[in-house]
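# Residue-level structural notes
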Amino acid sequence: MDKKFEAFKLELQKVYENNKIYRQKMKDKNLTPEDIDSWNDIKKLPLTTKEDILSSYPYGYNCVDQSKIKMYHASSGTTGKPLIVGLSENDMILRQEIIKEDAIMAGIRKDDIVQICYGFGMFTGGFSFYEGLKELGCQIIPTGTMSTEMQLFYMQQLKPTVLLTSPSHAMHLSEKSKELKIDIKTLPIRIIRVGSELLTEAMRKKIKASWGNKVSVTQDYGMTETLGPGLGMECSYENGMHLNEHYYFELIDPITKEPTEKNVGELVVTTLYTECFPLIRYKTSDLVEITTEKCPCGNSAPRIKKFLGRTDDMLKIKGVKVFVSQIEDFLFMHPYFTHQYEIVLTKENYKDILTINIEYKEDLPKDIKKQLPNYEIEIEEEFKNRFGITSQINIINNNTLPLSKGKAIRVRDLRKVKV
Ligand SMILES: [Zn+2]
């Protein structure tokens, strides 16, 4: 038996013995851990969903005695309660290892000065990176979620070489720097490692254009449920995120929930070495495209080439399915806009109404500003041609949309709300 499968068997045994909900799900399928003899058999096992975890709130998914838990983290919980995950001492050591690996993949070295702009709170970002990078030997500037002005102040004073943040925050920083007349391109930052939000190729280009084209802009991917960042790790070739060998990954058809042989599907993850909160076949709700093409970095792990969206990020507008990321790609093709936009969905006479508010760049020449109302109509037409959906595009003043401190909120779906 290969070592990875051995680790999986132990993980499954642990879940079967300690997690009542999953054990019941296995019993419903007449399965015990002994029935699973190969990676192929794993398909027989039931999936784990976010709802399963939340139904056992807050401790039902822990596989160790509560006294062994050293730290808690929680996800933002876009609807209802946050999802709480406990970490044992071993889990914290594992997480350090994973973050170290992630950082090395990004090109971060021992002598780097790293500014961490993730919150040091219940979210996993801040503390995970702090612990992993400390282990790697980096100098750390834990600015967390301070104001943009203060982030820039420390950046000027302490001269970080690496910035860890979300894509939208990297853009907030660059816009604020213009206002404060700070030339960020002269700062010694060589790597911007983004996470917590999807990085589209269009957004990568925008970040590079603002911070300097020689800055490496890469992303990582993770979730609270699997100890935090590092499930997927992009190397400096900027061509997709290598899947982490500490986990087992599968793709399923998002509709039928059956395993798919295609390279596109919903990502399902199984932890292999987690002590406190192991997960078997966890549905991530992330729709991805996987590639097994060789990467010049030499790492042979398959990569998430593209995020196609989240199954819960998929909007159905006038019967047409469209992902927020596709709309973002479309908007960012246009040169006059900042990265700030919102998609608003309402209903009138039982019909869906799509409105997109997007901010224009402060420094546009006057004659272009005058032309913006005509430009709105042009973009509406383009949008209709591209997606087959009628929209109302409003190009609005800079700094009109609320700034987000964590994940940017891109969609306000008011269709279900009675107004
Ligand atoms: Zn690579």
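Everything below is about the structure shown above.
All values derive from a computational prediction rather than experimental measurement. (Residues numbered from 1 in each chain as written. Predicted model: local features only at pLDDT ≥ 70, side-chain atom pairs only at ≥ 80, totals over all residues. Heavy atoms only, no water.)

## Some words on the sheet that holds strand β7 (residues 216-223)
- Spatial strand order, β4-β3-β5-β6-β7-β8-β9-β13-β12-β11-β10: 11 strands in an open sheet with mixed pairing. One side of each edge strand has no neighbouring strand; the edge strands of this open sheet are β4 (139-141) and β10 (247-252). If you compare each strand with its neighbour and ignore which way they point, the axes differ by 40 degrees on average.
- As defined by bridge partners, β10 adjoins strand β11 (residues 264-271) across six bridges and the pair is classed as antiparallel. Looking at β11, one finds that Leu251 is bridged to Leu267.
- Across the face of the sheet, helix α4 (residues 89-106) comes into contact with β6 (191-194), β7, β8 (228-234), β9 (241-243) and β10 while running at roughly 30 degrees to β8. (Pairing = 2+ DSSP bridges. Helix = DSSP H or I, 4+ residues; strand = E, 2+ residues; numbered from the N terminus. Axes fitted to C-alpha atoms, helices over the stretch in contact; angles between N-to-C directions. Contact = heavy atoms within 4.5 Å.)

## Section: the pattern of salt bridges
- A full pass over the atoms with the stated rule returns 23 salt bridges.
- Between Glu275 and Lys68 there is a salt bridge whose closest N-O contact spans 3.7 Å. Separated by 207 residues along the polypeptide, Glu275 in the loop between β11 and β12 (282-291) and Lys68 in the loop between α3 (50-55) and β1 (69-74) bring together distant segments of the chain.
- A relative accessible area of 17% places Glu275 in the buried class.
- Connected through shared salt-bridge partners, Lys347, Asp352, Asp413 and Arg415 make up one network. (Salt bridge = Lys/Arg side-chain N within 4 Å of Asp/Glu carboxyl O. Buried < 20%, exposed > 50% of the residue type's maximum accessible area, 1.4 Å probe, protein only.)

## A word on the pairing of strand β2 (residues 84-88)
- With respect to burial, β2 is a largely interior element, four of its five residues being buried.
- Examined bridge by bridge, β1 and β2 share five bridges and lie antiparallel to one another. Within β2, the position partnered with Met71 by the bridge is Leu87.

## Some details on the packing of aromatic side chains
- Within the structure shown, the criterion is met by 17 aromatic pairs.
- Geometrically, the ring pair formed by Tyr118 and Phe129 is stacked, given 5.7 Å between the ring centres and 20 degrees between the ring planes. On the criterion of sequence distance, the pair formed by Tyr118 in the loop between β3 (113-116) and α5 (125-136) and Phe129 in helix α5 is long-range, its members being 11 residues apart. Here the two residues Tyr118 and Phe129 agree in accessibility, since each one is buried.
- A centroid spacing of 4.9 Å and a plane angle of 50 degrees characterise the contact between Tyr336 and Tyr375, whose relative ring orientation is tilted. Placement of Tyr336 in the loop between α9 (324-332) and β16 (337-348) and of Tyr375 in helix α10 (residues 366-387) is noted, with a sequence separation of 39 residues between them.
- By relative accessible area, which is 22% here, Tyr336 ends up partly exposed.
- A relative accessible area of 12% means that Tyr375 is categorised as buried.
- Taken together through their ring pairs, the aromatic side chains of Phe5, Phe8, Trp39 and Tyr248 make up a single cluster. (Phe/Tyr/Trp six-rings, centres within 6.5 Å; stacked < 30°, edge-to-face > 60°.)

Keep in mind these numbers describe shape, not what the thing actually does.
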